[in-house]
Structure formats: C-alpha cells, structure tokens
Amino acid sequence: MLGVIGGMGPLASSLFYDMIIDKTDAACDQDNLNMIILSDSGMPDRTGAILSGNTGEVRDRILKDAKFLENAGCSAIAVTCNTAHYFVNMVREEVGVPFIHMIEETAAELAKTCKGKPVAILATDGTIKTRLYQDEFEKRGVVPYAPSAQCQKKVMSTIYDLIKQNKPADADLWSEIEEEIKDAGCEAAILACTELSVVKKELGLSGYYRDPMEIMADRCIEFYRAKGEIK
C-alpha cells in the first residue's frame, strides 16, 4: 500500500487521489493501487510553525503519522504538502519506509528541461524561507526565481484567502502573478503549494506551470509498477 499524509489542505489531498486513479492503467477495481490516506487536517499550519520557530509539534505529528502508516503496512509514503517537506527532512531517517519526496522529484524532473534556466517558485512564505526548492534546484543546475515581496503577497492571498477557504481562484490576480514571472524571463513555474494545484485545475493553467504533486503522483505509480503491484 501507498501511505499518504494529507489534509493539508483537504482539497489538495482529494486532487492527489484523483491523479493516482487517472494515472493508473486499471481495467477493474483490483488493478488500482492500494492506499491509506491519512487526512490529518488538524495538523498545525506548517508556514506558521516555520516562521515562528515553533517546529516541534508539527515535526512530531508528521513522524507519528508516518509511523502509523508504516505500521499499517504501507511500503512508501507521500506527503501532499510542499511546506511539510521541511519536517519530512527532519524525520525521514526515523521511518523504515521511503518517502516519495515531492521536492526532490520535482527538482530532478525540471533539471531535464530547464538546466541553467530560471524557474519561478510559487509557494508559501514557509517554503520560500526554508529554501526547500531553491537548494534542490541549485544542486541540479536549475536557477530558482523567488517572486518579489509584492508578488509573494498575491501568491499567499491565493493560497490562504481563496483556496484554503474553499473560494474560487481569481483569474485576474493570477494574471498579475504570471506577468511578473514571465517578465523575469522564467522558463517555467512550479506550483510549489498543493493549493496551487487546485488553481491549475480551476483556471486551466498551461503546461508552463509544472505541478509537483502531479510529478509525485507519477513517481508513486512508477514505484509500485516497478514492484509489480500495479500495471
């Protein structure tokens, strides 16, 4: 089974489940991937924990969830929150099964087509501050572009004021974000917050926007296909 630590937020976890189903070559129920989705919506806000320095509660809860999934028989774990990978990096050595690491997999994928080129990172303040993507991109020769302070406020508003409150994405606001990153010469942009995966679906964003959650879904399918557990 694949274990999923989700609920951060619930819409993104639901979308990830849809991605797994859509990417599986299934002719019947039994051809699908066995999964346990642990929707831990009570998880404290990851960005808030990072910015305040009070990281212990989130770290411990991520570890507890991962151990629960490991003990339930899951052979790999996916976490449907980019910022939460800051805490995944703290606990991964304490868990006996691998994490299919969204940030590492995304950086490896972007390096195939964008090496030496700037790629915009659209993410929470916590993800930007901890340099989760910047460091992984630089390891692989991709040039990270973090939005200006003004643009970053628009990204955060999209995440927290709209999607997390179950409100529709604002196409005009998104156009303002897009204008900055394209004017900066970015070859592509990554939707480095799973709420932005919802924006991509709602606004029908082009392939210019790469979705780390979709890349992670692909890697999950590849992992279990290699084990012979799905087609």
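Whatever comes next refers back to the structure up there.
Note that the coordinates shown come from a computational prediction; the quantities given were computed from them, not determined experimentally.

Student: What am I meant to see in the pattern of salt bridges here?
Tutor: Pairing between side chains of opposite charge can happen when the charged atoms of each approach one another. For the coordinates displayed, the defined rule picks out 21 salt bridges. A salt bridge links E104 to R92; its shortest N-O distance comes to 2.8 Å. Highlighted residues: E104 in helix α5 (residues 102–114) and R92 in the loop between α4 (85–91) and α5, separated in sequence by twelve residues. Between R219 and E109 there is a salt bridge whose closest N-O contact spans 2.4 Å. One end of the pair, R219, is in helix α11 (residues 212–226); the other, E109, is in helix α5, with 110 residues separating them in the sequence. There is no split in this pair, since R219 and E109 are both buried.

Student: Help me understand the sheet that holds strand β4 (residues 118–122), please; the structure alone is not making it clear to me.
Tutor: The pairing of strands in a sheet happens through backbone hydrogen bonds and is either parallel or antiparallel. The sheet built from four strands is open, its strands ordered β5-β4-β6-β7 with parallel pairing. Of all strands in the sheet, those with a lone pairing partner are β5 (143–145) and β7 (209–210), marking the two edges. As paired strands, β4 and strand β6 (residues 188–191) are joined by four bridges and run parallel to one another. Looking at the pairing, A120 lines up with A189 of β6. Its contacts with the sheet put helix α9 (residues 171–183) on β4, β5, β6 and β7, and the angle it makes with β4 is roughly 150°.

Student: I tried to follow the sheet that holds strand β2 (residues 35–39) on my own but got confused; where do I start?
Tutor: Reading across the sheet, the three strands line up as β2-β1-β3 and stay open at both edges, with parallel pairing between neighbours. The strands lining the two open edges of the sheet, one partner per strand, are β2 and β3 (76–79). Shown here is a sheet whose adjacent strand axes are inclined to one another by a mean of 20°, direction ignored. Note that strand β1 (residues 2–6) and β2 share five bridges and pair parallel. Each residue of the ladder has a partner; that of G3, found in β2, is I36. Against the sheet, α11 contacts β1 and β3, and its axis sits at roughly 170° relative to β3.

Student: How do you make sense of helix α8 (residues 149–162) when you look at a structure like this?
Tutor: In an α-helix, one full turn covers 3.6 residues, which means residues spaced three or four apart are oriented alike. Compared with the 20 Å implied by 1.5 Å per residue over 14 residues, the 19 Å span of α8 between its first and last C-alpha is a close match. C151, Q152, V155, M156, T158, I159 and L162 are the residues of α8 that are buried. Check the buried side of α8 and you find it contacts β4, α6 (125–129), α9 and α10 (194–203).

Student: Sorry if this is basic, but what is going on with the pairing of β1 here?
Tutor: In regular strands, side chains alternate between the two faces of the sheet. Counting buried positions over the five residues of β1 gives five, a clear majority of the element. Of the two faces of β1, both are covered, the one formed by L2, V4 and G6 as well as the one formed by G3 and I5. Handedness of the crossover is the feature at issue here: the chain leaves β1, passes through helix α1 (residues 10–23), returns alongside β2, and the resulting connection is right-handed. Here four bridges tie β1 to β3, and the two strands are oriented parallel to one another. Of the residues in β3, the one forming a bridge with L2 is A76.

Student: Looking at this structure, I do not really get α11. What am I missing?
Tutor: The terminal C-alpha atoms of α11, which comprises 15 residues, lie 21 Å apart, in line with the 21 Å expected from a rise of 1.5 Å per residue. The set of residues buried in α11 consists of P212, M213, I215, M216, A217, R219, C220, I221 and Y224. The N-terminus of α11 is capped by D211, whose side-chain oxygen sits 2.9 Å from the backbone nitrogen of M213.

Student: Would you mind showing me how to read unusual backbone geometry here?
Tutor: For residues other than glycine, phi is negative in most cases, and the peptide bonds are mostly trans. That bond from M8 to G9 is cis: its omega, -5°, falls within 30 degrees of zero. Within the secondary structure layout, G9 lies in the loop between β1 and α1. Phi at R131 is positive, roughly 60°, even though this residue is not glycine. Turning to its location among the elements, R131 is positioned in the loop between α6 and α7 (132–139). At N166, a position not held by glycine, the phi torsion is positive, near 60°. Within the secondary structure layout, N166 lies in the loop between α8 and α9. Among the residues examined, N166 registers a relative accessible area of 61% and is labelled exposed.

The rules behind these values
- Residues numbered from 1 in each chain as written.
- Predicted model: local features only at pLDDT ≥ 70, side-chain atom pairs only at ≥ 80, totals over all residues.
- Heavy atoms only, no water.
- Salt bridge = Lys/Arg side-chain N within 4 Å of Asp/Glu carboxyl O.
- Helix = DSSP H or I, 4+ residues; strand = E, 2+ residues; numbered from the N terminus.
- Buried < 20%, exposed > 50% of the residue type's maximum accessible area, 1.4 Å probe, protein only.
- Pairing = 2+ DSSP bridges.
- Contact = heavy atoms within 4.5 Å.
- Axes fitted to C-alpha atoms, helices over the stretch in contact; angles between N-to-C directions.
- Expected span 1.5 Å × (residues − 1).
- Right-handed = clockwise from strand over helix to strand, strands pointing away.
- Polar contact = N/O pair within 3.5 Å; in protein donor to acceptor, adjacent residues only side chain to side chain.

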